[in-house]
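# Structure assessment
The chain contents come next:
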Number of protein chains: 2
Amino acid sequence: MKKLINDPDQVVSDALAGIAAAHPRLSVDPKNRVITRAAQTRIGKVALVSGGGSGHEPLHGGFVGLGMLDAACPGEVFTSPVPGQMLTAAQSVDGGAGVVFVVKNYTGDVLNFGMAAELAQDEGIAVETVLVDDDVAVRDSTWTAGRRGTGATLFVEKIAGAAAERGASLAEVAAIGRRVNAASRSFAVALTSCTTPAAGRPGFDLPEDEIEVGVGIHGEPGRSREKIRPAKEIVADAMAAILDDQPLSEGEEVLVLVNGLGATPLLELYIVFGEVSSILGARGVRIARSLVGDYVTSLDMAGVSITLCRVNPELLALWDAPVDTPALRWGV
Amino acid sequence: MKKLINDPDQVVSDALAGIAAAHPRLSVDPKNRVITRAAQTRIGKVALVSGGGSGHEPLHGGFVGLGMLDAACPGEVFTSPVPGQMLTAAQSVDGGAGVVFVVKNYTGDVLNFGMAAELAQDEGIAVETVLVDDDVAVRDSTWTAGRRGTGATLFVEKIAGAAAERGASLAEVAAIGRRVNAASRSFAVALTSCTTPAAGRPGFDLPEDEIEVGVGIHGEPGRSREKIRPAKEIVADAMAAILDDQPLSEGEEVLVLVNGLGATPLLELYIVFGEVSSILGARGVRIARSLVGDYVTSLDMAGVSITLCRVNPELLALWDAPVDTPALRWGV
């Protein structure tokens, strides 16, 4: 295993130092491991806090900023942050209107954000939790009871973040986040495994001619191990899984995220996007907006996830609202 | 080799279809392989055209849009586009004020853009060429006479693009592009090779515990093959190579690009950025602006390049000017 790191135990600390240096509009608390906006908390605005294991960058720290998250708590690589981090984050960004925790559905995250919500409420901070569970590949997995939370996290954080920026109440922001999650479906395929710095070797073995269909963002097993095939066929299967779970009718509009898992050339992601676009076009479904790139990654895994989110004009207007974060920026 | 492609011969065509579908503000001519802005050519504005082999995405197509390029010509993977493409691009975007060709210094690109410049001038289009040759690693290489053009291409395209948008003349835009190139230096390190779809196997062999120091963006050999070391030492060596070539004094300001070569986790790029920041800080050099991410890639190569560009307030204002492209977007 070769990595651009100093010490497997210092990966997150060293990366946080880099994030602090690279992004003057973020404020990094290295001791508590909390990333917040450098701008002062706005009194009366609902605050959004998310977090999870590191190794999925730019998720979540790269989504902190105007129009999206107020704070992110990075855990160790592929390991949930702890309740104390989340509490510190909530205390740092609460503007008196309450805090929404955006939680990807993994057992550790759910447990720790749950404890943090209790701690925060004990401190007088109102908390609502939005659970993200968009991955249709498997019902339960090694890391999850229920569906895993993956690419839809970006849609939830962007759209709920825009609602908070516009002055929506705690209940309203949480409700919009839940609507976005309910309208989203994802499916991922891995061409290679990924290697955590601590383990130093791939998390699972994948032969040179096989792919993991329905893989999770920590390399959790999917639905099947299959031979590599043309992109057109791989995408058709992924889209069938998504559309079987949430049929889309002619005239509907979607956000599309074609997301690289970390080691996939952008050239290949565009080939995947072309196939997604053809499949949706043939059904008369309109791609309202799209993103192609690495947004919710799994370290150095080669592969792609596809996320669709059904939108109406209200959600689309929130998507289009100004955002100013390291990983998403427009309208400012 | 596993790739998300349909056919090695269709990679560029299929990716162009995806680019067209993903970016409504771009216009893709699949036959001539030219990417332009969808918005109409502005009469009187100097047009910027760039291009080169595919496999370096988002370079160059991802930099087409307001404030940056007017057109990009993608060649086959790691293969120069042909003069006819460049001529078509120049004809498509010339607004009567002339065209600047931004050319990375590789033998094929230089030759073909040179022929295209002659053809365009025969058609009455005034052309200036800005050659980018920022890579300090080697003097000549397998693909290049003189230094290779790498990360500085982004700085040239952004800053010269902003000057063109503000109404600078052909000579002025070219002069600014050349100043940016002259003020820029790059150095890259590879942890793995990369695999072109046509070859189907890595372009070079790199043992499990070695790195290629000074690698080029097609996997061209660098200065030395060395054992993997902590990021701190790798970055120190890369920065020494850059600063030996272009010393920077206390109080000077730079743009910094910490660029992933395709398969490097963002977590690691932030660790590298932290080290770059420490080294510059110790010299009293201020990081005026920075980018951390995959901008000038080498397919699925793991590794990083570092580019510094010395700036003054004039260049910085052009850097900060609005840009609206798939890969860079702010102020709009």
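Reading the values: rules and limits
- Residues numbered from 1 in each chain as written.
- Chains lettered and ligands numbered in written order.
- Predicted model: local features only at pLDDT ≥ 70, side-chain atom pairs only at ≥ 80, totals over all residues.
- Heavy atoms only, no water.
- 1 Å grid on protein atoms, 1.4 Å probe; cavity = no way out; pocket = protein on both sides within 12 Å on 5 of 7 lines; lining within 4 Å.
- Points joined across faces, edges and corners; volume = space filled by probe spheres on them.
- Nonpolar A, V, L, I, M, F, W, Y, C, P; charged D, E, K, R; others polar.
- Contact = heavy atoms within 4.5 Å.
- Buried area = accessible area lost by both parts, 1.4 Å probe.
- Salt bridge = Lys/Arg side-chain N within 4 Å of Asp/Glu carboxyl O.
- Polar contact = N/O pair within 3.5 Å; in protein donor to acceptor, adjacent residues only side chain to side chain.
- Domains from an automatic or database assignment.
- Phe/Tyr/Trp six-rings, centres within 6.5 Å; stacked < 30°, edge-to-face > 60°.
- Helix = DSSP H or I, 4+ residues; strand = E, 2+ residues; numbered from the N terminus.
- Buried < 20%, exposed > 50% of the residue type's maximum accessible area, 1.4 Å probe, protein only.
- Lys NZ or Arg CZ within 6 Å of the ring centre and 35° of its normal.

### A look at the layout of surface pockets
For the second largest pocket, the calculated volume is near 1100 Å³. Thr-192 and Asp-300 of chain A together with Thr-192, Ala-263 and Asp-300 of chain B are, among the 39 residues lining the second largest pocket, the residues nearest its centre. Looking at the lining of the second largest pocket residue by residue, the class counts come to 17 nonpolar, 10 polar and 12 charged.

### Structural notes on the interface of chain A and chain B
Taken together, the 57 residues of chain A in the interface contact 57 residues of chain B. Together chain A and chain B conceal approximately 4500 Å² of surface at their shared face, both sides included; 65% is due to carbon and sulfur atoms. When residues of chain A are sorted by the area they lose upon contact with chain B, Lys-2, Leu-4 and Leu-267 of chain A head the list and together hold 21% of the total. Applying the counting criterion to the chain A and chain B interface returns 2 salt bridges. A salt bridge links Glu-268 of chain B to Lys-3 of chain A, with the nearest nitrogen and oxygen atoms 3.7 Å apart. Across the contact surface, chain A and chain B share 22 residue pairs in polar contact (both at pLDDT 80 or more).

### Structural notes on the domain arrangement of chain A
All names here are of chain A. You can read the domains of chain A as domain 1 (11-182) and domain 2 (184-321). On a C-alpha basis, the centres of domain 1 and domain 2 stand 22 Å from each other. In this complex, domain 1 contributes 37 residues to the contact, which on the side of domain 2 involves 40 residues. Of the roughly 3200 Å² buried between domain 1 and domain 2, counting both surfaces, carbon and sulfur atoms make up 64%. When residues of domain 1 are sorted by the area they lose upon contact with domain 2, Phe-78, Val-136 and Phe-155 head the list and together hold 19% of the total.

### Considering the packing of aromatic side chains
Applying the stated criterion across every chain, the model contains 6 aromatic pairs over all chains. Geometrically, the ring pair formed by Phe-155 of chain B and Trp-319 of chain B is edge-to-face, given 5.5 Å between the ring centres and 70° between the ring planes. Of this pair, Phe-155 of chain B sits in helix α4 (residues 152-165) while Trp-319 of chain B sits in helix α8 (residues 313-320), and the two are 164 residues apart along the sequence. Across the pair, exposure class does not vary: Phe-155 of chain B and Trp-319 of chain B are buried alike. Taken together, the ring pairs in this structure connect Phe-155, Trp-319 and Trp-330 of chain A into an aromatic cluster. Across the ring face of Trp-319 of chain A, the terminal group of Lys-158 of chain A is positioned such that the distance to the ring centre comes to 6.0 Å.

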